[in-house]
Structure formats: C-alpha cells, structure tokens
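Okay, here's what each chain looks like letter by letter:
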Amino acid sequence: MIKFSVITCTYNASAVLARTLDSVLSQSWTQIEHIIIDGASKDNTLAMAQAYSRKNQEEETEHEVVIVSEPDRGLYDAMNKGLARATGDYIVYLNAGDVFPSAHTLEQISIDVNNRSDGKLPAVLYGDTNIVDDEGRLLHPRRLAPPENLTWRSFRHGMLVCHQAFYARTDLAQAEPYDLRYRFSADVDWCIRIMKRAERERLALLRLPQVVVNYLDGGMTNKNHRASLIERFNVMRRHYGLLLTIGMHLWFVVRAVFKK
C-alpha cells in the first residue's frame, strides 16, 4: 500500500486553490497525506484549506490533512517545510492550480508500481504533463517529453520532466532538500541531485505510461524568465561542467532558430 505525501504550497491562492483541493479529495486511492504549506496568505486561502480539512473528516476519506500557515522565505523554503513533515513513501508536489488528471491517477500509479517493481520501491516515478490555463482548461501537452530511460544526465538537455510529474521517494528527497541559494531553479537542482543519489544507490527510475499532472501554466519561472535562465545555467554548470553547459546552450539557440 504505497502512501503518497501530496504537498501543496500556497500564497494568496484562493482563485485557483479549490480545484486542487477537490482533485486530491476525489482520489480513489486512500493512502494520501495532504500537506498544505501556506505562506501566511492575506486572502481566503487558509479558510479554504481549513474547510477542506473538515470536509475530509466529514466524508471519512482516510486522507490525512496537515495545514501550516506562517511566513516563509519563498517557494522552495515552503517546499522544504512540506518535505520535512512528509511521512509517505513518495513526495508529490501539487501546487495551487495544479490537478491530477483523473480521480484514479494515484490508484493507477500504485498498481503500476506494484506490478513492475521487484520489491524495492523505485527512487523516482515520472510521467507526462498537460498544461492548463487559469480556468483549468487543457491547453496542450508539455513541450518537453520525458524519456523512456531517465538518468541525471538527461537534464543536460533541459528539464525533461515537469517538477510536479517527478515523484521522489521520500527518504531520498529528505536527504536532498532544496538548495535555497537558488530562487527560481532549485527544482532542477533538486531533481538532478535525487537522480544522482538514486544512481549511487542503484535504484530504478520508473517511467509511468500516463499523464500524471495537469500543470497550471505561468509560474514563478515564467514571470522571472531572464533571472531563471541565468540561474538554470549555473545549476547545469554545477552538475555537468562549464564546457558541456556552454555547448548545450549553443545547441538550444540553434534549435530555437530552426523551429521558427
């Protein structure tokens, strides 16, 4: 019985939070711990989270709900707070506006993992991503698609797996918290470090044959595009070396030109 720790980080998110809460509440899989980390919102976010917690109790869903509301040092600090509190087998980040594609997403993933693993839980489960707008309407599949055989070296070609579609085993994730030196690309660094640890411990990365998240377009990275690109360059240089990173970025430019 795989247990998922779903972590939702919020700040003044009342406009898009309801569909995320409803998505978790509707999951047919019962082994869910939902950790909501709120950055002391000034709108109705906290009240919505508290009402959601009561609704889980009234409907006897068996889902555990943990709510923390306090100031933080940014999104990745909030993610670390959720990570530290997690007790499930896998960490699933589902932020305000993101949803699971169906009510059976986590159940299907659990069945797939149990059927394909050899008794040892894979280090990472990863799948496809759809992009949705502010109203939750499907826009298109994510441009970058996950490879069949993912390794930490794969990310030199870009972040091939969306952060919300990257389910990390909790023990590995807690050993590799987000590096708060990065404001916009700590998720890229975090994924690479977890995959490196998986390789050292000879643990599998399991490709899931399905869309595992509908991701809300237009996050923090998009709003700080230039700073994010510079930071991502530094993350890649740290893990892949300067020469390879420069070469890959030249290739990104050439690829972008030919796609126009």
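Our structure's up above, just so we're on the same page.
Please read all numbers here as calculations on a predicted model, not as lab measurements.

Draft legend 1. Up close: the overall build of the protein chain. Scanning the protein chain from terminus to terminus reveals 9 helices and 8 strands. Relative to the globule expectation of 18 Å for 260 residues, the C-alpha radius of gyration of the protein chain, 18 Å, shows essentially globular dimensions. The C-alpha extent of the protein chain, read off along each of the three principal axes, is 55 × 45 × 35 Å. A total accessible area of about 12,500 Å² is found for the protein chain, and carbon and sulfur atoms account for 52% of it. Looking at the protein chain, you have 32 positive and 31 negative side-chain charges, and the mean spots of the two groups are 11 Å apart.

Draft legend 2. Layout of the environment of Pro-209. As for its position among the elements, Pro-209 is in strand 8 (residues 205–216). Overall, the relative accessible area of 64% leaves Pro-209 in the exposed class. Counting along the chain gives 97 residues from Pro-209 to Asp-112, while the straight-line C-alpha distance between them is 9.0 Å. Setting aside residues up to four positions removed in sequence, Pro-209 forms contacts with Asp-112 and Arg-116.

Draft legend 3. Fine view of the pattern of salt bridges. Considering all chains together, one arrives at 17 salt bridges under this definition. The partner of Glu-148 in a salt bridge is Arg-207, and the shortest N-O contact between them spans 3.7 Å. Of this pair, Glu-148 sits in the loop between strand 6 (138–141) and strand 7 (166–169) while Arg-207 is found in strand 8, placing the two residues 59 residues apart along the sequence. In this structure, the salt-bridge partner of Asp-189 is Arg-238, at a minimum N-O distance of 3.2 Å.

Draft legend 4. Highlighting helix 3 (residues 75–85). With 8 of 11 residues buried, helix 3 is to be regarded as a mostly interior element. The complete set of buried residues in helix 3 reads Tyr-76, Asp-77, Ala-78, Met-79, Asn-80, Lys-81, Gly-82 and Leu-83.

Draft legend 5. Layout of the packing of helix 1 (residues 14–25) against helix 2 (residues 45–58). Put simply, helix 1 and helix 2 touch, their axes get as near as 10 Å, and they point 15° apart. On the basis of their axis angle, the class for helix 1 and helix 2 is roughly parallel. Where helix 1 crosses over helix 2, the two elements pack in a sense that is right-handed. Here helix 1 contributes Ser-14, Leu-17, Ala-18, Leu-21, Val-24 and Leu-25 to the contact with helix 2, which in turn contributes Thr-45, Met-48, Ala-49, Tyr-52, Lys-55 and Asn-56.

Draft legend 6. Just the pairing of strand 7, in detail. Because side chains alternate across strand 7, one face comprises the buried residues Phe-166 and Ala-168, and the other comprises Tyr-167 and Arg-169, equally buried. Relative to strand 7, strand 4 (residues 90–93) runs antiparallel, the two being bridged by 2 bridges. The residue bridging Tyr-90 from the neighbouring strand is Arg-169, located in strand 7.

Draft legend 7. Expanded view of a nonpolar patch on the surface. A cluster of nonpolar residues, Leu-242, Ile-246 and Leu-250, forms a patch on the protein surface that exposes about 270 Å² of accessible area. Examined against the element boundaries, Leu-250 turns out to sit in helix 9 (residues 242–259). Taking relative accessible area as the criterion, Leu-250 reaches 54% and is therefore assigned exposed.

About the cut-offs
Residues numbered from 1 in each chain as written. Predicted model: local features only at pLDDT ≥ 70, side-chain atom pairs only at ≥ 80, totals over all residues. Heavy atoms only, no water. Helix = DSSP H or I, 4+ residues; strand = E, 2+ residues; numbered from the N terminus. Rg over C-alpha atoms; globule rule 2.2 N^0.38 Å. Areas by Shrake-Rupley, 256 points an atom, 1.4 Å probe, with all protein chains shown as cover. Lys, Arg positive; Asp, Glu negative; His and termini not counted. Charge placed at Lys NZ, Arg CZ, Asp CG, Glu CD. Buried < 20%, exposed > 50% of the residue type's maximum accessible area, 1.4 Å probe, protein only. Contact = heavy atoms within 4.5 Å. Salt bridge = Lys/Arg side-chain N within 4 Å of Asp/Glu carboxyl O. Axes fitted to C-alpha atoms, helices over the stretch in contact; angles between N-to-C directions. Parallel < 35°, antiparallel > 145°, perpendicular 65-115°, else oblique. Left-handed = near helix turned anticlockwise from the far one by under 90°. Pairing = 2+ DSSP bridges. Patch = residues over 30% accessible without salt bridge, like charges linked within 9 Å, V, L, I, M, F, W, Y side chains within 5 Å.

Nothing here speaks to function; it is all geometry.
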